[in-house]
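Now for the letters of each chain:
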Amino acid sequence: MTPVVGRSAGSPAPLSADVARVAGVSRKTVSRVLNNEPYVSDPVRQRVLEAAEKLGYRLNHAARALASGRNRSIGVVALGTAGYGTAMLLVGIEKAVRDAGYALRVVNTPDGDPEGIAGAVMSLLEQGVDGIVVSEPVVEGEVSVRIDVPVLFLGAPPSFPSARTLTVGVGAHALARAATDHLLDLGHTTVHHLAGPQRWYASKDRVEGWRAALEARGAYEPPVIQGDWSPESGYSAGRELAPDSSVTAVFAAGDEMAIGLIRALRETGRRVPEDISVVGFDGNPVFAYVTPPLTTVRQPFDAASREGIRLLVHAVEQPEKDLPPASEPPVELVVRGSTAPPPSHHGETVPRTV
């Protein structure tokens, strides 16, 4: 192959024909590779990509949009909250969208916004996005906007109609069961639950997973304690639970609520985990360094985002074809120092799984 000399400043930008010449393939093959189309062998695909990189070739997205009828952009409806879980899910979506060769457009919907999801969807449609992701959906009623692009729901069932709807779970139900089972396995007779706002589907999934674990073991189901994701609501719940000596285990639907809960318990003389064990939810790495380090279940933000965007891009680019099978998100329990057997079992040896 003829050596390739880097383009000097002021020289014309390389064309797809230049890439084809250097790679020794046709322009059609170059187009297939750069548009991530099938029917190109791996060696040829690699040769074309290497040639494009050497030449400094950049795909003309505007021209491709005109040719394909697509703008190569994905819109995301995200709740305007600074919570760790919501933020990390958005980070995962952004990376997956970028890796797929699309641009990202984000519209936040602060809690209490009168236009809510409907207004955010309308804004994205006006920007000409090819698909929409609804991240961490909330109960809001049916959206009356006509949606003619595929819509991906992360962590919840479809709540409004579109040209094509997809749902990819983040495994909240299974993670909540794992958190509750961990506490029951340690010997606790039941587990109290500090829930997130019931307007969130994510909160509903965690309540259902907690309830299913108790039911499967024949354990008593205490009343759900209502929180709002904040440490303050966890602190209030801790003050409420502390006087009840029968409470030995709590599963909090969010790590931040768990930290507030632990603070209140310790201030009132209840030791964690000697008197009360606490499990959080999300897997915020910061809480490995609090006292005691927080046992939690880690949400698969990257895996769920990659899987969801893979399916959404498939629906955008191949609307006439069935979706490929979706993979199940992993369940990861991170056992640290905030959980232990109940007070009556402290002398026993109980296996702990990391």
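Basis of the calculations
- Residues numbered from 1 in each chain as written.
- Predicted model: local features only at pLDDT ≥ 70, side-chain atom pairs only at ≥ 80, totals over all residues.
- Heavy atoms only, no water.
- Helix = DSSP H or I, 4+ residues; strand = E, 2+ residues; numbered from the N terminus.
- Buried < 20%, exposed > 50% of the residue type's maximum accessible area, 1.4 Å probe, protein only.
- Contact = heavy atoms within 4.5 Å.
- Areas by Shrake-Rupley, 256 points an atom, 1.4 Å probe, with all protein chains shown as cover.
- Pairing = 2+ DSSP bridges.
- Axes fitted to C-alpha atoms, helices over the stretch in contact; angles between N-to-C directions.
- pLDDT = per-residue confidence, 0-100.
- Polar contact = N/O pair within 3.5 Å; in protein donor to acceptor, adjacent residues only side chain to side chain.
- Arc of directions from axis to C-beta.
- Parallel < 35°, antiparallel > 145°, perpendicular 65-115°, else oblique.
- Left-handed = near helix turned anticlockwise from the far one by under 90°.
- Nonpolar A, V, L, I, M, F, W, Y, C, P; charged D, E, K, R; others polar.
- Phe/Tyr/Trp six-rings, centres within 6.5 Å; stacked < 30°, edge-to-face > 60°.
- Lys NZ or Arg CZ within 6 Å of the ring centre and 35° of its normal.

Colleague: Can you tell me about the overall build of the protein, naming the residues and giving the values?
Modeller: Helices and strands together make up the secondary structure of the protein, namely eleven helices and eleven strands. By residue count, 50% of the 354 residues in the protein fall in the buried class. Long-range pairs, those at least 24 residues apart, make up 66% of the contacts in the protein between residues at least 6 apart in sequence. Total accessible area on the protein is roughly 17000 Å²; 52% of this is exposed by carbon and sulfur atoms.

Colleague: Quick rundown of the sheet that holds strand β5 (residues 164-168)? Include the residues and the values.
Modeller: Taking strand neighbours across the sheet as the criterion, the five strands line up as β2-β1-β3-β4-β5 in an open arrangement whose pairing is parallel. Edge positions in the open sheet fall to β2 (103-109) and β5, since each of these has one partner strand only. For this sheet, the mean inter-axis angle between neighbouring strands, taken without regard to orientation, is 20°. Two strands pair when backbone bridges link them, and strand β4 (residues 150-154) and β5 are joined in this way by five bridges, in the parallel orientation. Each residue of the ladder has a partner; that of Pro-150, found in β5, is Arg-164. Running at roughly 160° to β2, helix α5 (residues 84-99) makes contact with β1 (73-79), β2, β3 (131-135) and β4 of the sheet.

Colleague: Quick rundown of the confidence of the model for the protein? Include the residues and the values.
Modeller: The share of residues in the protein with pLDDT of 70 or more is 81%, and the mean pLDDT across the chain is 83. Below pLDDT 50 for its whole length, residues 60-68 participates in ten contacts with residues either more than four positions away or in separate chains. Predicted confidence for residues 347-354 stays below pLDDT 50, and this span has eleven contacts to residues more than four positions away or in other chains.

Colleague: Summarise the environment of Asp-255; cite the residues concerned and give the values.
Modeller: Here Asp-255 lies in helix α10 (residues 255-267). Residue classification places Asp-255 among the buried positions, given a relative accessible area of 2%. Separated by 24 residues in the primary sequence, Asp-255 and Pro-231 place their C-alpha atoms 8.5 Å from one another. Other than its neighbours up to four places away in sequence, Asp-255 contacts Gly-280, Phe-281, Asp-282, Gly-283, Asn-284, Phe-287, Leu-294 and Thr-296. Only 2.8 Å separates the side chain of Asp-255 from the backbone nitrogen of Phe-281, close enough to count as a polar contact.

Colleague: Summarise helix α9 (residues 231-241); cite the residues concerned and give the values.
Modeller: Burial in α9 covers these residues: Ser-233, Gly-234, Ala-237, Gly-238 and Leu-241. Down the axis of α9, the sector holding all buried residues measures 145°, keeping them to one side. Tucked into the core, α9 has its buried residues touching β6 (192-195), β7 (225-226), β8 (249-252) and α10.

Colleague: Now, about the packing of helix α7 (residues 172-185) against helix α8 (residues 201-217): what can you tell me, with residues and values included?
Modeller: Two elements in contact, α7 and α8, have axes whose closest approach is 7 Å; the angle formed by their N-to-C orientations is 40°. In terms of orientation, α7 and α8 fall into the oblique class. Between α7 and α8 lies a crossing of right-handed hand. Residues Ala-172, His-173, Ala-176, Arg-177, Thr-180, Asp-181, Leu-184 and Asp-185 of α7 touch α8, and the partners they reach there are Asp-205, Arg-206, Glu-208, Gly-209, Trp-210, Ala-212, Ala-213, Leu-214, Ala-216 and Arg-217. Residues that form the contact of α7 with α8 fall into these classes: eight nonpolar, three polar and seven charged.

Colleague: I'd like a description of the pairing of strand β9 (residues 277-282), backed by residues and values.
Modeller: When you tally the buried positions in β9, you get six out of six residues, the bulk of the element. With burial as the criterion, each face of β9 is covered, one bearing Ser-277, Val-279 and Phe-281 and the other bearing Val-278, Gly-280 and Asp-282. Summarising the sheet, β8 and β9 pair through three bridges and their orientation is parallel. Across the sheet, the residue bridging to Phe-251 is Val-279, located in β9.

Colleague: Before we move on, can you summarise the sheet that holds strand β10 (residues 295-298) with the specific residues and values?
Modeller: On the basis of which strands lie adjacent, the open sheet formed by six strands has the order β7-β6-β8-β9-β10-β11 and mixed pairing. The open sheet has two free edges, formed respectively by β7 and β11 (332-334), since each of these has just one partner strand. Bridge count for β6 against β8 is three bridges, and the pairing is parallel. Residue pairing for β8: His-192 is matched across the bridge by Val-250. Against the sheet, α8 contacts β6, β8 and β9, and its axis sits at roughly 175° relative to β6.

Colleague: Summarise the environment of Ser-26; cite the residues concerned and give the values.
Modeller: In this structure, Ser-26 sits in the loop between α1 (16-23) and α2 (27-34). Counting along the chain gives ten residues from Ser-26 to Ser-16, while the straight-line C-alpha distance between them is 9.5 Å. One polar contact links Ser-26 to Thr-29, side chain to side chain, over a distance of 3.0 Å.

Colleague: Provide a residue-level description of unusual backbone geometry, including the pertinent values.
Modeller: In most cases, non-glycine residues show a negative phi, while peptide bonds are predominantly trans. Cis geometry is adopted by the peptide bond preceding Pro-273, which originates at Val-272 and carries an omega value of 10°. Note that Pro-273 resides in the loop between α10 and β9. Note the cis peptide between Thr-291 and Pro-292, where omega equals -5°. Mapped onto the fold, Pro-292 is located in the loop between β9 and β10.

Colleague: Describe in detail the packing of aromatic side chains, supporting the description with residues and values.
Modeller: Here a ring pair, both rings aromatic, is described through the centre-centre distance and the interplanar angle of the planes. All chains considered together, the criterion is met by three aromatic pairs. Pairing Tyr-84 with Phe-301 gives two aromatic rings, centres 6.0 Å apart and planes at 80°, and the pair type is edge-to-face. With a gap of 217 residues between them, Tyr-84 in helix α5 and Phe-301 in helix α11 (residues 301-317) connect regions that are remote in the sequence. Given a relative accessible area of 7%, Phe-301 falls into the buried group. Considering the side-chain rings of Phe-251 and Phe-281, the 6.3 Å spacing of their centres and the 45° angle between planes classify their relative orientation as tilted. On the criterion of sequence distance, the pair formed by Phe-251 in strand β8 and Phe-281 in strand β9 is long-range, its members being 30 residues apart. Here Phe-251 matches Phe-281 in class, with each residue buried. Above the plane of the ring of Tyr-102 lies Arg-72, whose end atom (NZ or CZ) is 4.1 Å from the centre.

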